[in-house]
Amino acid sequence: MDERVNVKALFLGPKAENYGYFKEMLGYLMDDHSEWRRNFHPDDAPVVSADEQAGPDYLSTLQKTREALIELAGNLQLSSIPWFSPRYLGHMNADTLIAANLGYMLTLLYNPNNCAYEGSPATTALEIEVGRQLAKLMGYDPERSWGHITSGGTVANYEGLWMARNLKSIPLALKTCMPAAAAGLDDWRLRNLPSAEILALADQARAGGRFEELRRHSVRGIGMRGAGLGKVLVPQSKHYSWAKAVDLLGIGQEHLISVPVRDNYRIDVAALKKIIDGLAAQRIPILAVVAVVGTTEEGAVDEIHEIVRLRDRYEDQGVCFYLHIDAAYGGYARSLFLDAEGRFLDYNEINRQHARQGVLHGDTDWLTLDVYEAFRSMPEADSITVDPHKLGYVPYAAGAIVARDRRIIDLISYFAAYVFERTDDNPMLLGSYILEGSKAGAVAAAVWMAHRVVPLNITGYGRIIGYSIEGAYRFYRSLLSSPPLVVAGRRFEVIPLSRPDINIVDYAFHEQGNGSLEEMNRLNLAIYEQCSYKAGPVYLSDFIMSKTALSREEYGDAPAAFIEKFGIAAGEWDRLESVYVLRSCILTPYLTSNTTYEEYWRNFMQAMERAIGKACGR
Ligand SMILES: *Cc1c(COP(=O)(O)O)cnc(C)c1O
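About the criteria used
Residues numbered from 1 in each chain as written. Predicted model: local features only at pLDDT ≥ 70, side-chain atom pairs only at ≥ 80, totals over all residues. Heavy atoms only, no water. Near = heavy atom within 4 Å. Polar contact = N/O pair within 3.5 Å; in protein donor to acceptor, adjacent residues only side chain to side chain. Helix = DSSP H or I, 4+ residues; strand = E, 2+ residues; numbered from the N terminus. Nonpolar A, V, L, I, M, F, W, Y, C, P; charged D, E, K, R; others polar. Buried < 20%, exposed > 50% of the residue type's maximum accessible area, 1.4 Å probe, protein only. Salt bridge = Lys/Arg side-chain N within 4 Å of Asp/Glu carboxyl O. Pairing = 2+ DSSP bridges. Contact = heavy atoms within 4.5 Å. Axes fitted to C-alpha atoms, helices over the stretch in contact; angles between N-to-C directions. Domains from an automatic or database assignment. Buried area = accessible area lost by both parts, 1.4 Å probe. Phe/Tyr/Trp six-rings, centres within 6.5 Å; stacked < 30°, edge-to-face > 60°. Lys NZ or Arg CZ within 6 Å of the ring centre and 35° of its normal. Disulfide = S-S within 2.5 Å. Parallel < 35°, antiparallel > 145°, perpendicular 65-115°, else oblique. Left-handed = near helix turned anticlockwise from the far one by under 90°.

**Q** Requested: an account of the site of the ligand, with residues and values cited.
**A** Neighbouring the ligand are 15 residues; Gly153, Thr154, Asp326, His389 and Lys390 lie closest to it. Gly153 has a polar backbone atom sitting 2.7 Å from an oxygen atom of the ligand. At 2.7 Å, a side-chain N or O of His389 approaches an oxygen atom of the ligand. When residues in the shell around the ligand are grouped by element, the largest group, 3 residues, is from helix α6 (residues 153–177). The class makeup of the residues in the shell around the ligand is 3 nonpolar, 9 polar and 3 charged.

This is how it looks when you write it as structure tokens:
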């Protein structure tokens, strides 16, 4: 049997092509669930009689629900975004997997709460299972690592930094409550122990029955005041959740350092090194370095392998930091690198494998060595954020955090440490190891269903994401080679921002000969206005894209090179300090057929022509 998923059978489809099947399954889950209810004490009498069901207030109550539903359906139809359509080229959204939707809907009827095992015997286990699957996807050892579902990448990032903060404060706590264990280590050294050593020290405290005391003396007990844990280094391309994270965790905005990115929007590793050197020279510790796999605005993949090399080299010099990867967006793309047995594919073989498995056509020419090495090095990080509700094609609210060494959750847990022995008959009380409290078991079920049907390797997710990358590359190449659009005798060119590392394409239009950045920004903003959705019938929308402003405040001078490609003088960048780009996250898997794509591209350029015409007041 062919193990590969057929991507078109996975989604409801832009024209609801799989309506019949989906509806049949909906019927099945209603029948199945209702049967379950009836079978709980089948001899108990029903509480609702047929007579009551025929009563006027009964019927009018049902009618009220029907009317409310119709009202809601109308609202949703009028003002929802058609994520299922290839014409949706905006944010990180697409159709969601039938499997995930059905899993969600079925579980919703049971309404489990994954905060505590008591409220969710079935779905807590599923959450632990998908946590292991995601840890494996990231290259971690499933037996030693830890993973669970959060409401999204934001909360996963909070949890990542929470673990980092508490871990880094352990050695100083040790000095207070177990001075002998910290003997011979000065404060600088204590603030610069590698993660594995800190966890070993915590184990030592546990063995001596001092673990509770140790935790109490760490920042979780005494707070951040005077902790001196140092700086958090994140690339300029960071998601804004990092600003919120340092605020919430009491680290403070002034300890968040933005590391410059290059003009490919990947972190500038040389600049990172310079910052670390500067801090080390002043004896300022570094709490954590955050790298990004799939930046929110550009889809850029930081060179994780270079950052890991840097970390290892500094570790030898006694400068140690926690490494977290924010792969909220790009994490699932790691499935493109794993064969059916979960082995990371060889670089020399990977293109052939992708072609053989129908993951990507050979001429897509997507994968570069840098991106390959970056994905390969991910398991070197202490923890990773990865969102099923992005490239996992699962409905909200599904993010996830995975950590390389599960012992780290002892440092954030509110389970008394002495009962912290997880065995099969001491099941997980998730709520005490995580940031959130009550949470939908339906989400865990949705992710579990998705992973059950779509393997986390080239036979499953690799295919969906491969198709989306292929579409993104077609789109990118079309933009690159597109002749200028002629609108009312004026010529407008389009240039992509950078070669996509995954499947996000940013680009901007520009009137040839125009030397004003202000004018160019106005044009792209006007195109965006035409091709975005705010209100009114969505059926009037042609194509829907998103936009972003790349500003000097956020990006330094990285965008200056892009402006120059349009022949706009560098002085314009200095004057305006911001450039608007149109942003298309191409998650749709439907742009791989030549005939479909050609017509699609024609439609797109016609829509751009109309939008530019309107922008120019025609
Ligand atoms: C989307 C995203 C986040 C935030 O995730 P949510 O699920 O929206 O909370 C964080 N980091 C990156 C890189 C992202 O793309």
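**Q** Mind laying out unusual backbone geometry, listing which residues take part and the relevant values?
**A** A cis amide bond links Tyr396 to the next residue, Ala397, at an omega of 0°. For Ala397, the location among the structural elements is in the loop between β7 (383–386) and β8 (399–403). A positive phi is found at Tyr393, a non-glycine position, where the angle reads about 55°. With relative accessibility at 2%, the residue Tyr393 sits in the buried group. Even without being glycine, Ala488 reaches a positive phi, approximately 50°. If you trace the backbone, Ala488 turns up in the loop between β9 (485–487) and β10 (490–496). For Ala488, a relative accessible area of 51% gives the class exposed.

**Q** Describe the pattern of salt bridges, listing the residues and the values that go with them.
**A** Tallying each qualifying case throughout the model produces 34 salt bridges. For Arg309, the salt bridge is made with Glu306, and the minimal N-O distance between the two is 3.5 Å. Taken together, the residues span about one helical turn, with Arg309 and Glu306 both in helix α13 (residues 304–316) at a distance of 3 residues. Between Glu577 and Arg552 there is a salt bridge; the shortest N-O distance is 2.8 Å. Of this pair, Glu577 sits in the loop between α21 (570–576) and β13 (578–585) while Arg552 sits in helix α19 (residues 552–555), and the two are 25 residues apart along the sequence. Overall, the relative accessible area of 34% leaves Glu577 in the partly exposed class.

**Q** Can you break down the sheet that holds β13 residue by residue, with the values?
**A** Taken in spatial order, the 6 strands line up as β1-β12-β13-β11-β10-β9 in an open sheet, and their pairing is mixed. Among the strands making up the open sheet, the edge pair consists of β1 (88–89) and β9. Pairing analysis gives 6 bridges linking strand β12 (residues 544–551) to β13, with the strands arranged antiparallel. Following the sheet pairing, Ser546 is matched in β13 by Arg583. Together, β10, β11 (504–511), β12 and β13 form the strand contacts of helix α18 (residues 517–530), whose direction differs from that of β13 by roughly 30°. Against the sheet, helix α22 (residues 594–615) touches β1, β9, β10, β11 and β12, its axis set at about 35° to β9.

**Q** Please provide a residue-by-residue account of the domain arrangement of the protein, values included.
**A** Its domain assignment divides the protein into domain 1 (153–327) and domain 2 (482–615). A separation of 38 Å is found between the C-alpha centroids of domain 1 and domain 2. Both faces combined, the contact of domain 1 with domain 2 buries some 1,300 Å², and carbon together with sulfur accounts for 46% of it. Linking domain 1 with domain 2 are 1 salt bridge. Measuring nitrogen to oxygen at the nearest pair gives 2.9 Å for the salt bridge that ties Asp501 to Arg266.

**Q** Talk me through the packing of aromatic side chains; I want residue IDs and the actual numbers.
**A** For the structure shown, the criterion picks out 23 aromatic pairs. Aromatic pair Tyr473 and Tyr476: ring centres 5.6 Å apart, planes at 70°, arrangement edge-to-face. Highlighted residues: Tyr473 and Tyr476, both in helix α17 (residues 461–481), separated by 3 residues, approximately one helical turn. Comparing Tyr473 with Tyr476, the two get one shared label, buried. Members of the aromatic cluster, each reached through a chain of ring pairs, are Phe475, Tyr507, Phe543, Tyr597, Tyr600, Trp601 and Phe604. Sitting over the face of the ring of Phe211, Arg206 holds its NZ or CZ atom 4.4 Å from the ring centroid. The ring of Tyr414 carries Arg220 above its face, with NZ or CZ at 4.1 Å from the centroid.

**Q** Any details on the sheet that holds strand β2 (residues 146–150)? Residues and values, ideally.
**A** If you trace the 7 strands from one edge of the open sheet to the other, you get β2-β8-β7-β6-β5-β3-β4, paired in mixed fashion. The sheet is open, and its two edges are formed by β2 and β4 (256–259), each paired on a single side. Between one strand axis and the next, the sheet turns through 20° on average, direction left out of account. Of the strand pairs in this sheet, strand β3 (residues 231–235) and β4 are connected by 4 bridges, and their pairing is parallel. Pairing of Val234 across the sheet is with Ser258, part of β4. Helix α11 (residues 241–248) rests against β3, β4, β5 (286–292) and β6 (322–327) of the sheet, and its axis sits at about 160° to β4. The strands touched by helix α12 (residues 269–281) are β3, β4 and β5; relative to β4, the strand with the most contacts, the crossing angle is about 145°.

**Q** With reference to specific residues and values, describe the state of the cysteines.
**A** Taken as a whole and judged by the stated rule, the model has 0 disulfides. The thiol of Cys531 is unpaired, and the distance to the nearest cysteine sulfur, on Cys616, comes to 13 Å. In this structure Cys531 comes out as buried when scored by relative accessible area, which is 3%.

**Q** I'd like a description of the packing of helix α5 (residues 121–137) against helix α16 (residues 441–453), backed by residues and values.
**A** Here α5 crosses α16 at 45°, and the two axes come no closer than 8 Å. Here α16 runs oblique to α5, going by the angle between their axes. For the pair α5 and α16, the sense of crossing is left-handed. Every residue of α16 that contacts α5 at Thr123, Leu126, Glu127, Glu129, Val130, Gln133 and Leu134 is listed here: Gly441, Ala444, Ala445, Val447, Trp448 and His451.

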